[in-house]
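In case you want the letters, here they are:
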2 protein chains.
Amino acid sequence: MNDTIKYQLDETRIPRFWYNIAADLPSAPPPVLHPGTLKPVTASDLSALFTDALIEQEVSTEREIEIPEPVRDIYRQWRPTPLYRARRLEQALGTPAKIYYKYEGVSPAGSHKPNTAVAQAFYNQQAGIRRLTTETGAGQWGSSLAFAGALFGIDVQVFMVRVSYDQKPYRRALMEAYGARCLASPSNETVAGRDLLAANPAHPGSLGIAISEAVELAAQRSDTKYALGSVLNHVLLHQTIVGKEAMAQLDMAGDYPDVIVACTGGGSNFAGIAFPFLGEQLRGGQRVRVVAVEPAACPSLTRGKYAYDFGDTAHLTPLTKMHTLGSSFTPPGFHAGGLRYHGMAPLVSHLKELGLIEAIACTQLDCFDAGLRFARAEGIVPAPEATHAVRGAIMEAMRCKIEGKAQTILFNLCGHGHFDMQAYIDYLGGKLVDRSYDEAELAMALAGLPSVSA
Amino acid sequence: MNDTIKYQLDETRIPRFWYNIAADLPSAPPPVLHPGTLKPVTASDLSALFTDALIEQEVSTEREIEIPEPVRDIYRQWRPTPLYRARRLEQALGTPAKIYYKYEGVSPAGSHKPNTAVAQAFYNQQAGIRRLTTETGAGQWGSSLAFAGALFGIDVQVFMVRVSYDQKPYRRALMEAYGARCLASPSNETVAGRDLLAANPAHPGSLGIAISEAVELAAQRSDTKYALGSVLNHVLLHQTIVGKEAMAQLDMAGDYPDVIVACTGGGSNFAGIAFPFLGEQLRGGQRVRVVAVEPAACPSLTRGKYAYDFGDTAHLTPLTKMHTLGSSFTPPGFHAGGLRYHGMAPLVSHLKELGLIEAIACTQLDCFDAGLRFARAEGIVPAPEATHAVRGAIMEAMRCKIEGKAQTILFNLCGHGHFDMQAYIDYLGGKLVDRSYDEAELAMALAGLPSVSA
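In this report, we go over the structure that sits alongside the text. (Residues numbered from 1 in each chain as written. Chains lettered and ligands numbered in written order. Predicted model: local features only at pLDDT ≥ 70, side-chain atom pairs only at ≥ 80, totals over all residues. Heavy atoms only, no water.)

### What to know about the overall build of chain A
- On a plain count of helices and strands, chain A comes out with 18 helices and 15 strands.
- On C-alpha atoms alone, chain A measures out to a radius of gyration of 20 Å, which is about the 22 Å that the 2.2 N^0.38 rule sets for 454 residues.
- Counting only C-alpha atoms and orienting by the principal axes, one finds that chain A spans roughly 60 × 50 × 45 Å.
- Among the 454 residues that make up chain A, the fraction classed as buried is 65%.
- Partitioning the intrachain contacts of chain A with sequence separation of at least 6 by distance along the chain shows that 77% fall at a separation of at least 24.
- As displayed, chain A offers around 14900 Å² of accessible surface, 49% of which is attributable to carbon and sulfur atoms.
- Each charge class in chain A was averaged separately, 41 positive and 46 negative side chains, and the resulting centres sit 3 Å apart. (Helix = DSSP H or I, 4+ residues; strand = E, 2+ residues; numbered from the N terminus. Rg over C-alpha atoms; globule rule 2.2 N^0.38 Å. Buried < 20%, exposed > 50% of the residue type's maximum accessible area, 1.4 Å probe, protein only. Contact = heavy atoms within 4.5 Å. Areas by Shrake-Rupley, 256 points an atom, 1.4 Å probe, with all protein chains shown as cover. Lys, Arg positive; Asp, Glu negative; His and termini not counted. Charge placed at Lys NZ, Arg CZ, Asp CG, Glu CD.)

### Considering the sheet that holds strand β11 (residues 289-295) of chain A
All names here are of chain A.
- Strand order in the open sheet formed by seven strands is β1-β4-β5-β15-β10-β11-β14, with mixed pairing between adjacent strands. The sheet is open, and its two edges are formed by β1 (5-7) and β14 (358-362), each paired on a single side. Direction aside, neighbouring strands of the sheet carry axes that sit 25 degrees apart on average.
- Pairing analysis gives five bridges linking β11 to β14, with the strands arranged parallel. The partner of Ala292 across the bridge, within β14, is Ala359.
- Strand contacts of helix α12 (residues 268-282): β5 (98-103), β10 (259-263), β11 and β15 (408-413), with the helix running at about 160 degrees to β10, the strand carrying the most contacts. (Pairing = 2+ DSSP bridges. Axes fitted to C-alpha atoms, helices over the stretch in contact; angles between N-to-C directions.)

### A short note on helix α18 (residues 439-447) of chain B
Residue and element names in this part refer to chain B.
- Listed as buried for α18 are Leu442, Ala445 and Leu446. The buried side chains of α18 occupy one side of the element, clustering within an arc of 95 degrees when seen end-on. In this structure, α18 carries Met444 and Ala447 as exposed residues pointing more than 90 degrees from its buried face.
- Check the buried side of α18 and you find it contacts α13 (300-303), β12 (305-310) and β13 (319-324). (Arc of directions from axis to C-beta.)

### Some thoughts on unusual backbone geometry
- Cis geometry marks the peptide bond from Ser185 of chain A to Pro186 of chain A; its omega dihedral reads 5 degrees.
- Along the chain, the position of Pro186 of chain A falls in the loop between β8 (181-185) and α9 (191-199).
- Positioned with a positive phi, His315 of chain A is a non-glycine residue whose angle comes to about 60 degrees.
- Note that His315 of chain A resides in the loop between β12 (305-310) and β13 (319-324).
- The phi torsion at Val231 of chain B lies on the positive side, around 70 degrees, for a residue other than glycine.
- Examined against the element boundaries, Val231 of chain B turns out to sit in the loop between β9 (224-226) and α11 (233-252).

### Regarding the packing of helix α5 (residues 114-126) of chain A against helix α6 (residues 140-152) of chain A
Residue and element names in this part refer to chain A.
- Close contact between α5 and α6 brings their axes to 8 Å; oriented N to C, the two are set at 40 degrees. Viewed along their axes, α5 and α6 adopt a mutual orientation that is oblique. Crossing of α5 against α6: the hand is right-handed. Side by side, α5 and α6 meet where Pro114, Thr116, Ala117, Val118, Gln120, Ala121, Phe122 and Gln125 of the first sit next to Trp141, Ser144, Leu145, Phe147, Ala148 and Phe152 of the second. (Parallel < 35°, antiparallel > 145°, perpendicular 65-115°, else oblique. Left-handed = near helix turned anticlockwise from the far one by under 90°.)

### Brief notes about the packing of α6 of chain A against helix α8 (residues 169-177) of chain A
Residues and elements named next belong to chain A.
- As a packed pair, α6 and α8 sit with axes 8 Å apart at the nearest point and diverge in direction by 10 degrees. Classified by the angle between their axes, α6 and α8 sit roughly parallel to one another. Only Arg171, Leu174 and Met175 of α8 make contact with α6, whose side of the interface consists of Gln140, Gly142, Ser143 and Ala146.
- For the contact of α6 with α8, the per-class residue count stands at three nonpolar, three polar and one charged. (Nonpolar A, V, L, I, M, F, W, Y, C, P; charged D, E, K, R; others polar.)

### Considering the interface of chain A and chain B
- Across the boundary between the two partners, chain A contributes 43 residues, which contact 43 residues of chain B.
- Of the roughly 3700 Å² buried between chain A and chain B, counting both surfaces, carbon and sulfur atoms make up 59%.
- When the buried surface of chain A facing chain B is broken down by residue, Gln77, Tyr170 and His418 of chain A rank first, second and third, together holding 19% of it.
- On inspection of chain A and its partner chain B, the count reaches zero salt bridges.
- Joining chain A to chain B, the criterion identifies 22 residue pairs in polar contact (both at pLDDT 80 or more).
- When residues of the side of chain A that touches chain B are traced back to their parent elements, those giving at least two are α3 (69-75), α6, α8, α15 (364-378) and α17 (421-428) of chain A.
- At six residues, α8 of chain A tops the list of elements feeding residues into the side of chain A that touches chain B.
- Of the residues in the side of chain A that touches chain B, the class split is 27 nonpolar, six polar and 10 charged. (Buried area = accessible area lost by both parts, 1.4 Å probe. Salt bridge = Lys/Arg side-chain N within 4 Å of Asp/Glu carboxyl O. Polar contact = N/O pair within 3.5 Å; in protein donor to acceptor, adjacent residues only side chain to side chain.)

### Let's talk about the environment of Ile65 of chain A
Residue and element names in this part refer to chain A.
- Along the chain, Ile65 falls in strand β3 (residues 64-66).
- Judged by relative accessible area, which is 12%, Ile65 ranks as buried.
- C-alpha of Ile65 to C-alpha of Phe17: the two residues are 48 residues apart in sequence and 5.2 Å apart in space.
- Leaving out residues up to four positions away in the same chain, Ile65 has contacts with Arg16, Phe17, Trp18, Asn20, Gln57, Ser60 and Leu237.

### Re the environment of Ser349 of chain B
Residues and elements named next belong to chain B.
- Here Ser349 lies in helix α14 (residues 346-353).
- Placed 320 residues apart in sequence, Ser349 and Pro29 show a C-alpha to C-alpha distance of 8.9 Å.
- Beyond its immediate chain neighbours, meaning those up to four positions away, Ser349 contacts Tyr306, Met322, His323 and Met344.
- Side-chain polar atoms of Ser349 contact the backbone nitrogen of His323, separated by 2.9 Å.

### Section: the sheet that holds β9 of chain B
Residue and element names in this part refer to chain B.
- Taken in spatial order, the four strands line up as β8-β7-β6-β9 in an open sheet, and their pairing is parallel. For this open sheet the edge positions go to β8 (181-185) and β9, each flanked by a neighbour on one side alone. Between one strand and the next, the sheet's axes are offset by a mean angle of 25 degrees, whatever the strand orientation.
- Across six bridges, strand β6 (residues 131-136) lies against strand β7 (residues 155-161) in parallel orientation. When the bridges of β7 are listed, Leu132 appears paired with Val156.
- Contacting β6 and β7, helix α6 (residues 140-152) crosses the sheet at an angle of about 160 degrees to β6.

### Quick notes on the packing of aromatic side chains
- Across all of its chains, the model carries 31 aromatic pairs over all chains by this definition.
- Above the ring of Tyr165 of chain B, the side-chain terminus of Arg172 of chain B is found at 4.1 Å from the ring centroid. (Phe/Tyr/Trp six-rings, centres within 6.5 Å; stacked < 30°, edge-to-face > 60°. Lys NZ or Arg CZ within 6 Å of the ring centre and 35° of its normal.)

### Points about the relation of the copies chain A and chain B
- It takes a turn of 180 degrees to lay chain A on chain B, together with a shift of 0.0 Å along the axis; the resulting RMSD is 0.0 Å. Seen this way, the second copy is the image of the first under a two-fold rotation axis.
- Here 100% of the interface residues in chain A have copies in chain B that are interface residues too; the copies meet face to matching face. (Least-squares fit on C-alpha atoms with pLDDT ≥ 70 in both.)

### A closer look at the nonpolar core
- Within the largest apolar cluster, 165 residues are counted, with the highest numbers of intra-cluster contacts made by Trp18, Tyr75 and Phe275 of chain A together with Trp18, Tyr75 and Phe275 of chain B.
- Grouped together as the second largest cluster of nonpolar side chains are 44 residues, Leu325, Ile380, Ile394 and Cys414 of chain B included. (Core = buried A, V, L, I, M, F, W, Y, C linked by side-chain atoms within 4.5 Å.)

### Some points on the pattern of salt bridges
- The tally for this structure, following the rule as stated, stands at 49 salt bridges over all chains.
- Notably, a salt bridge pairs Lys244 of chain A with Glu64 of chain A, separated by 3.3 Å at the nearest N-O pair. Separated by 180 residues along the polypeptide, Lys244 of chain A in helix α11 (residues 233-252) and Glu64 of chain A in strand β3 bring together distant segments of the chain.
- Taking the relative accessible area as the measure of exposure, Glu64 of chain A reaches 42% and is therefore partly exposed.
- Glu358 of chain B is the salt-bridge partner of Arg289 of chain B, the closest N and O atoms lying 2.7 Å from each other. Remark: Glu358 of chain B occurs in strand β14 (residues 358-362) and Arg289 of chain B occurs in strand β11 (residues 289-295); sequence separation between them is 69 residues.

### Structural notes on α15 of chain A
- Compared with the 21 Å implied by 1.5 Å per residue over 15 residues, the 20 Å span of α15 of chain A between its first and last C-alpha is a close match.
- Those residues of α15 of chain A that fall on the buried side of the exposure criterion are Gln364, Cys367, Phe368, Ala370, Gly371, Leu372, Phe374, Ala375, Ala377 and Glu378 of chain A. (Expected span 1.5 Å × (residues − 1).)

### Description of the side chain of Ser164 of chain A
All names here are of chain A.
- Structurally, Ser164 is set in helix α7 (residues 162-167).
- The exposure class of Ser164 is buried, given its relative accessible area of 12%.
- Sequence-distant contacts of Ser164, defined by excluding residues within four places in its chain, comprise Gly137 and Ala138.

Next up, the structure:
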């Protein structure tokens, strides 16, 4: 039997710097626009929502940004995370490819999200902020910020999409165990929420609405800021620790990826694993294919339009140019709640436009099939989001088999599925179906994009 | 802020030997008796249930038993597990004590149970066994054996206590995700199960009944053996890797425990952390206080009788001398399902009789209170079982504060609570109550102990 091999870095090798891909891009991404003036936003426009240090990171073009020592001290609790060579999976697939996966499920919240939650909580604490507001879908981000808030003594208030709030009480319980306050969104605590509840008291909510509520609340109080778990440049920046560690670990293995695979919702775990390698390539190093795997039911990169759009439903956020399905688009329900967002990180969208990354869309059933294969070979049950990366990696491994190529595949297993067992129950019980979005609704949402050219 | 410190061993330092405390005991524990003849069991009596290698370990008095290389290869996926110094918790308690915890929740199944599941699956595979049967309560053991079975290509059939089967679908889903078959016990697949269902079709089941079913099935087929997740000597042996690693990690920290705390159900995680240190003491090394923390609702060590008893309800298992509440005793429902067993490991019971360990009983509410304090200070939400160890460690830390002593406390955080969030929901919602057992029922169960003297 070929066993899984672990490549474990010593904790002294936790990276000292995040990698900022903005330093190496052949062209800068289009500017972010103010929602009122439609002019490029200034730092002071953003300061109602974010603390100065994070705004600086958002616009920085420095290649390396130092990770503060108190953040590294907390990372040390679970980092460096392991890199595994999935030899049992390779054997089960009969592929000549080498499959490596970086495993972020060892964090206390079970996913990659604490990498940025800890950093954001730290900078806000340093700035004297007492409270952070945020949104969450399935709850991975909300529970991670709750964890970070507990460590830094910051109150955390999470607007959780109502349908998830009702269906997924366990992630909510995790937030509350960490001492955070979790509200169903739309809520009665904001104008945006009250308006929607007045029209429909049973409104199921959406990520876009929850963002509107969190932003509205943060903008009202000087001791309160907003925290976002994906999409923004500084969030993607904090995740690059994943790829930097993976690079050092592959170096231990004497290897380098031909292909990198990650799932994409807002883009942060994808950026985390891929950007450091893309940076090498942009600086003249080895070329690497990078494949984003998105859900077929919410396919922003493969079916969306590259256009200016709002990040939220109430149109309180700045406008960013990104691959979007339209801020009014509501994807059908599926289990990978962390991938149910209408837009894509502007940096990831820009790379797609530059032809530096590829994207594919996979159905839920195919992804759960891949997730179970992986669990039985490697012993780890992936989160529904992460099954998309597993699916993409298996597709690449099978391509290698057909082509007879012993390529090296690296993917990001961004979280475990211990909070998502209902999805596996549904899948194993044959109750899971692939629901597509409504084509007419998508066309309407795209037609409704704000007419902005910049 | 004082941060948590991690002591991480290099994977080359995964112990090569399990530690067998039988080699160092001042007197041997009383013999195990055949349920029919009431004479000491022979190896051949046990061979219907266990494979030879495990029977040899069960009766061995060798101090060091080599861990097979294929087992170490799989351990390597998550071992060595981290040892943490809980400086944030120390600070929150204002104690002069140093609190260290060994964290077993990083395993793929989220607890210490895979340490023995992998070993048992390996030895059975080597012996050509195709199928393993077992019982499970809350599901930690069942899911761990399912994990190990998937890796070694062995079919696993788990009898899960019906009340847990109905109330805790997520651990069941984890077993099924690994490809195991999970049945509600009592089931229609065994004589023991059918008899009980005939009398009461809605029988809630118990661990003792599930053991009877698993044993009955294993005894019928030569390609099938039985696997137990705690209690037996060889199971405790496999867990000693926990304490051996902890000893090496404390050595890195330049420290040695004054007190070791662990929760006790069947006794395996307790033995795992404590036996290597007790061995040092028995061989003339430093003395260490060892405190077992058991649930007040199922207090075998503190309220049970040290007597011969059966391990199961249908009285199919051999008799062992242990602290027992009687095999007919049914503890009230509480969330730490892994601690709901009428008996205690014979080795742990023997140590208690020898005065080498102490035991205390804690209520569920006190334990969840401790669990939340721990989560907010250290960022890890403990399993309900593990909250007992947290509670015990906090009590010791507060004693140190009162006495002004800077002692070193080591405890075993045997699993995370990600599958147990309903318990936290109940606790946070004020719905959890402390239910005691029925004193009259306990008296009856103790009166009904088999009259055996050996």
